[in-house]
Structure formats: structure tokens, C-alpha cells
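Now for the letters of each chain:
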Amino acid sequence: LALVVGAAVAGITAASGSEPTGAVAAWPKPREGNPPLSLDELLDDPARPSNLEFELAIPPDASPVPLKHIRCVEIGRRTGHLWEQLDLWRHARGAYLVNFNYSGPLLKRNQLVTIHDATVRVMPHAFSRAYRWTHNTLVSVLGRTAQSVMTVSGFSRDEIKHHFGLRRGVLADGDRPGTAFKQR
């Protein structure tokens, strides 16, 4: 059994019987009001499996968030994209990775990536050339190679599919929590 959380990277390790499995998730810098706190509150449910352990991995320039059910661990020496592409990738080997912010290690297949919208393609004039190039590269590659992709709504799902040419799924539809369309 494996699950994940989010922050600059959130890792989860869980034991199912005697075989450990793991998961890691990514979020910018942890702060109040973001998914790690919400997930931490959900984990107060006494019905949750007791054999799950959660870890939130963060880069060295992020501040730890005090969480009740999720252990916060600083990993690596780098920051930014280098941290994500090298340190996070190494930390998440053998684990399922969940990224809540448009990005993730390009070499990681076993991950869920959140793509919030297609604004960079719809309104390119609002972004610098460097940002557009980086964002478009990450979304184009991860949208095709990540095991799963999720977004915030049916509208965003349709825009992402149209503007990035994604023809597959596991785009969890924020309009209908608990639903997803699987990779085809």
C-alpha cells in the first residue's frame, strides 16, 4: 500500500504486510493552507489504516511544517529545478511520487503530476520566453510519461488535452472528486 502528500516534496512510505512500498509528493514551499495540512487533518480519521507512515520531503531552502501525521524531512543540497530533477528523483526511487505543482522529475515514470491549467499556451504573452520554454517542456514530457496526471476541473482537463495534445488520462477531475480517467 502506498500513498502520498505534498510540499516541496512529500514522501510516503507504507508497509503492507512485510513488503514496504513508498510514495513521495511535490509541492512548492510548505506553508499554511496547502495540501499537506489538509491531508494531515484527514489522517486524524481513526478509520485510516494504521500501517501507513507519511513523509514530507522538502528542499533545504524550505521551512518544515509542523504536522501531526506526516513526518517532514529535508532532502538533498540543491534547490529549485535541480533539487526536483536530481535530489527528489533520487529520494523517490522505488516510491510513487505525487507532484502538486506542474512539475516533477522527468526521469520518474511512477508519479502523478498536477497540471492546473493551460494558461501558458492560451496566453503566452503573459510569460517570459524562458518560463514558457521550461513550463511547456515539463508539461509536454510529464503529460506523456507520468503514470497519472490530475487537474482542477473538467474545463482545465479539456484545455490541457487540447493545448498540450494529451490524448490520455488519469486526469483526476476536480469537478468530480474521486473520479479520474485512466491512461489509454
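All of these numbers come straight from a predicted model, not from anything done at the bench.

1. Re the nonpolar core
Within the largest apolar cluster, twelve residues are counted, these being Tyr102, Val113, Ile115, Ala118, Leu138, Val139, Leu142, Ala146, Val149, Ile160, Phe164 and Leu166. Per-element tally for this core: the top contributor is helix 4 (residues 129-145), with three residues. Aside from chain neighbours lying at most four places away, what touches Leu166 is Gly143, Arg144, Ile160 and Lys161. Ranked by size, the runner-up nonpolar core spans nine residues in total, among them Leu39, Leu43, Phe54 and Ile58.

2. Considerations on the pairing of strand 6 (residues 111-114)
In summary, the side chains of a regular strand alternate between the two faces of the sheet. A two-sided burial pattern is seen for strand 6, the buried positions comprising Gln111 and Val113 on one face and Leu112 and Thr114 on the other. One ladder, built from three bridges, connects strand 5 (residues 95-99) with strand 6; its direction is parallel. The partner of Val98 across the bridge, within strand 6, is Leu112. Relative to strand 7 (residues 148-150), strand 6 runs parallel, the two sharing three bridges. Looking at strand 7, one finds that Val113 is bridged to Val149.

3. Some details on helix 4
For helix 4, built from 17 residues, the straight-helix expectation of 24 Å at 1.5 Å per residue is met to within 8% by its first-to-last C-alpha distance of 24 Å. For helix 4, the set of buried residues is His135, Asn136, Leu138, Val139, Ser140, Leu142 and Gly143.

4. Structural notes on the confidence of the model for the protein
Taken over all residues, the pLDDT of the protein has a mean of 72, while the share at 70 or more is 67%. Averaged over each element, pLDDT in the protein is lowest for strand 1 (residues 10-16) (30) and highest for helix 3 (residues 119-122) (95). Scored below 50 in pLDDT, residues 177-184 makes 20 contacts in the model with residues more than four places away or belonging to other chains.

Cut-offs applied
Residues numbered from 1 in each chain as written. Predicted model: local features only at pLDDT ≥ 70, side-chain atom pairs only at ≥ 80, totals over all residues. Heavy atoms only, no water. Core = buried A, V, L, I, M, F, W, Y, C linked by side-chain atoms within 4.5 Å. Buried < 20%, exposed > 50% of the residue type's maximum accessible area, 1.4 Å probe, protein only. Helix = DSSP H or I, 4+ residues; strand = E, 2+ residues; numbered from the N terminus. Contact = heavy atoms within 4.5 Å. Pairing = 2+ DSSP bridges. Expected span 1.5 Å × (residues − 1). pLDDT = per-residue confidence, 0-100.

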